[in-house]
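# Tertiary structure, described
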Amino acid sequence: MDVEIWKASARVADPEVHNQEVIKWFGMNTGKIAHHYWVAFERAFMDKKFEAAVFVEEDLVFSPDFLALFRSTAGLLEQDPSLWCISGWNDFGFKGTASDPCRLLRTTYFPGLGFLLTRKAWLQIREEWPIAPTMGWDYWMRVAFRTFDKECIIPEVSRTHHAAAKGSSVTSAKQLRLFEAMAFADIPSSCVVAEPCNHFGNVSYLLSQEYEAWLRETIADAPKISVVELKQKVPHKVGTQMPSLLHVVPFLREEFNGLAEAAGLLPRNTKGSIPADLRSEHYGVMAGKLVNQRIPLLLVDKRSSRGYLHREDQLRLDPGYEVVAGARGLSCDEVCKLRGSSCDKMQLFFLNDCNLLRKHFPCEAGCAHQVGKELPVYVPDEFQPTYRQCLLTFISPMNCEAKHSSTSRLCACRLIRTTTTL
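Everything numeric in this text was worked out from a predicted model, so none of it was measured. (Residues numbered from 1 in each chain as written. Predicted model: local features only at pLDDT ≥ 70, side-chain atom pairs only at ≥ 80, totals over all residues. Heavy atoms only, no water.)

## Some words on the overall build of the protein
Along the backbone of the protein there are 12 helices and 15 strands. Against the compact-globule benchmark of 22 Å for 422 residues, the protein has a radius of gyration of 23 Å, which places it among compact chains. Dimensions of the protein, computed from the C-alpha atoms along their principal axes, are close to 80 × 65 × 45 Å. Across the 422 residues of the protein, 51% fall into the buried class. Taking all contacts inside the protein whose residues are at least 6 apart in sequence as the whole, residues at least 24 apart take part in 75%. (Helix = DSSP H or I, 4+ residues; strand = E, 2+ residues; numbered from the N terminus. Rg over C-alpha atoms; globule rule 2.2 N^0.38 Å. Buried < 20%, exposed > 50% of the residue type's maximum accessible area, 1.4 Å probe, protein only. Contact = heavy atoms within 4.5 Å.)

## Points about the sheet that holds strand β15 (residues 408-414)
Taken in spatial order, the five strands make up an open sheet running β11-β15-β13-β14-β12, and their pairing is mixed. Each edge of the sheet is formed by a strand with only one pairing partner; in this case those strands are β11 (321-328) and β12 (367-369). Judged from the three bridges that link them, β12 and strand β14 (residues 390-392) form a sheet pairing that is parallel. Across the sheet, His369 pairs through a bridge with Leu392, a residue of β14. Its contacts with the sheet put helix α5 (residues 137-147) on β12 and β14, and the angle it makes with β12 is roughly 125°. (Pairing = 2+ DSSP bridges. Axes fitted to C-alpha atoms, helices over the stretch in contact; angles between N-to-C directions.)

## Details of the pattern of salt bridges
Under the defined criterion, the tally for this structure stands at 23 salt bridges. For Glu42, the salt bridge goes to Arg126, with nearest N and O atoms at 2.8 Å. Placement of the pair is Glu42 in helix α2 (residues 29-47) and Arg126 in the loop between α4 (119-125) and α5, with a sequence separation of 84 residues. Classification of Arg126 as partly exposed rests on a relative accessible area of 24%. Two residues, Lys403 and Glu334, come together in a salt bridge whose shortest N-O distance is 2.9 Å. Placement of Lys403 in the loop between β14 and β15 and of Glu334 in helix α10 (residues 332-338) is noted, with a sequence separation of 69 residues between them. Taking the relative accessible area as the measure of exposure, Lys403 reaches 46% and is therefore partly exposed. Counted as one network, the salt bridges with shared partners bring together Asp149, Glu212, Arg216 and Arg306. (Salt bridge = Lys/Arg side-chain N within 4 Å of Asp/Glu carboxyl O.)

## Comments concerning the sheet that holds strand β4 (residues 104-107)
With respect to topology, five strands assemble into an open sheet ordered β1-β5-β3-β6-β4, the strand pairing being mixed. Two strands bound the open sheet, and with one partner strand each, they are β1 (52-55) and β4. Going across the sheet, the axis of each strand differs from the next one's by a mean of 25°, ignoring polarity. Alignment of strand β3 (residues 83-87) against strand β6 (residues 151-155), held across three bridges, turns out to be parallel. Within the sheet, the bridge partner assigned to Ile86 lies in β6 and is Ile153. On the sheet, α2 packs against β1 and β5 (115-118) and is oriented at approximately 150° with respect to β1. The strands that α5 touches are β3, β5 and β6; relative to β3, the one it contacts most, it runs at about 140°.

## Observations regarding the packing of aromatic side chains
Applying the stated criterion across every chain, the model contains 30 aromatic pairs. Ring geometry for Trp84 against Phe148: centres 5.9 Å apart, planes inclined by 45°, an arrangement best described as tilted. Of this pair, Trp84 sits in strand β3 while Phe148 sits in the loop between α5 and β6, placing them 64 residues apart in sequence. The class of Trp84 is buried, set by a relative accessible area of 5%. (Phe/Tyr/Trp six-rings, centres within 6.5 Å; stacked < 30°, edge-to-face > 60°.)

## With respect to α2
Its 19 residues give α2 an end-to-end C-alpha distance of 26 Å, which sits within 8% of 27 Å, the value for a rise of 1.5 Å per residue. Among the residues of α2, those classed as buried are Gly31, Ala34, His35, Tyr37, Val39, Ala40, Phe41, Glu42, Ala44 and Phe45. Those residues of α2 that are buried lie in contact with α1 (20-26), β1, β5, α4 and α5. The first or second residue beyond α2 is Lys49, which carries a positive phi of 60°. (Expected span 1.5 Å × (residues − 1).)

## What to know about the environment of Ser331
The topology assignment puts Ser331 in the loop between β11 and α10. Distance in space between the C-alpha atoms of Ser331 and Lys403 is 4.5 Å, their sequence separation being 72 residues.

## Notes on the pairing of β1
The alternating pattern of β1 places Ala53 and Phe55 on a buried face and Ala52 and Val54 on a face that is not buried. Sheet analysis places β1 next to β5, joined by four bridges and oriented antiparallel. Looking across to β5, one finds that Ala53 is bridged to Leu117.

## What about the state of the cysteines?
On inspection of all chains with the given rule, the structure shows seven disulfides. With its sulfur 1.6 Å from that of its partner, Cys85 forms a disulfide with Cys152. Where Cys85 bonds to Cys152 through sulfur, the torsion about that S-S bond is close to 95°, and the disulfide is right-handed. Here Cys152 lies in strand β6 and Cys85 lies in strand β3, a separation of 67 residues in the sequence. There is a disulfide in this structure between Cys363 and Cys390, and the S-S distance comes to 1.9 Å. Negative torsions about the S-S bond denote left-handed disulfides, and the value of about -75° found for Cys363 with Cys390 makes this one left-handed. Placement of the pair is Cys363 in the loop between α12 (354-360) and β12 and Cys390 in strand β14, with a sequence separation of 27 residues. You can see Cys102 has no disulfide; the closest cysteine sulfur is in Cys191, sitting 12 Å from it. Accessibility expressed as a relative area gives 44% for Cys102, which makes it partly exposed. (Disulfide = S-S within 2.5 Å.)

This is the structure we're talking about:
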């Protein structure tokens, strides 16, 4: 086996193109790591012309069947254009919650941490890669996956594990406790070099049409638990009659922080160790477990664009509101007031979308993730590192009052209906 060592030269700034904030970002950890990945992707797919490649980091430990995961599922990426990658990492694969090492899932949340990417996917991704993905290359990838409606295959029980005690992203004892709580597969590989690998059996259930049909049927037939009942461990509702029956939990994005631990998606004493994203999710659906009662759960976002829930639980953008691009420096309250209208923060969640931002702003530098109370926005300020980007968020709550002097907000304003008397 040949071993090549690729070296990534430091990013060279051009003061004619890059403002001072961008140049400063190039020297930060997030800037260096983003450049490192860009160079690795370009070398693998553009120089070497590999059709697919597996990317790993130096602080990962691999399960015995790590490579078998990719060999067993790579064919799905050829059959299903909605799939861009396969990863060995499940962000919510905690002990007690993730228990089936043979089960695989689909996720719209790019996981990284030991993943296979195809050249076909990179050819599209590279056209959108921003000069400065200021919140990290991986968060930008998550935006790209959602923008282009793509997903990854992940295992329920992770095939990679963090080994390092510190790093650019691992900086606290809380984070170490979180990673120590991750389940890790120890199954030997059943694959041999010279033959096709079917280590995970028939994986056709992961194809988009089959997966969607199963998920919709499962959600429609499952008994429902409210968020309040989930937090109370629902002793009166579940009891001993249905100890292992899957239940559905309809929820709002802003409720997630308060229910994550009860749903087995946050180990005790680790709150705040990582950003509170909806990780390992499939269009707002996440697999959890009421651990003390061994009840499997599907948490379903009421605002999911796929509309999985019954009509009484499903939320959509209210037709009584219009989407309005605000002027620079104004809050949504001010934008709507200028129209004789008002803003509703509950509607702003539906605007947190790159494709919708592009309908109202030029977004010349693409879309990216950011944190802040005024999101989603467009950045027309030439002195910002995110100049000409449209910014959305995976983390921040929605807010009508917030504003920033460097951004233009996308707002939801109540339609003013006028009547004419004859």
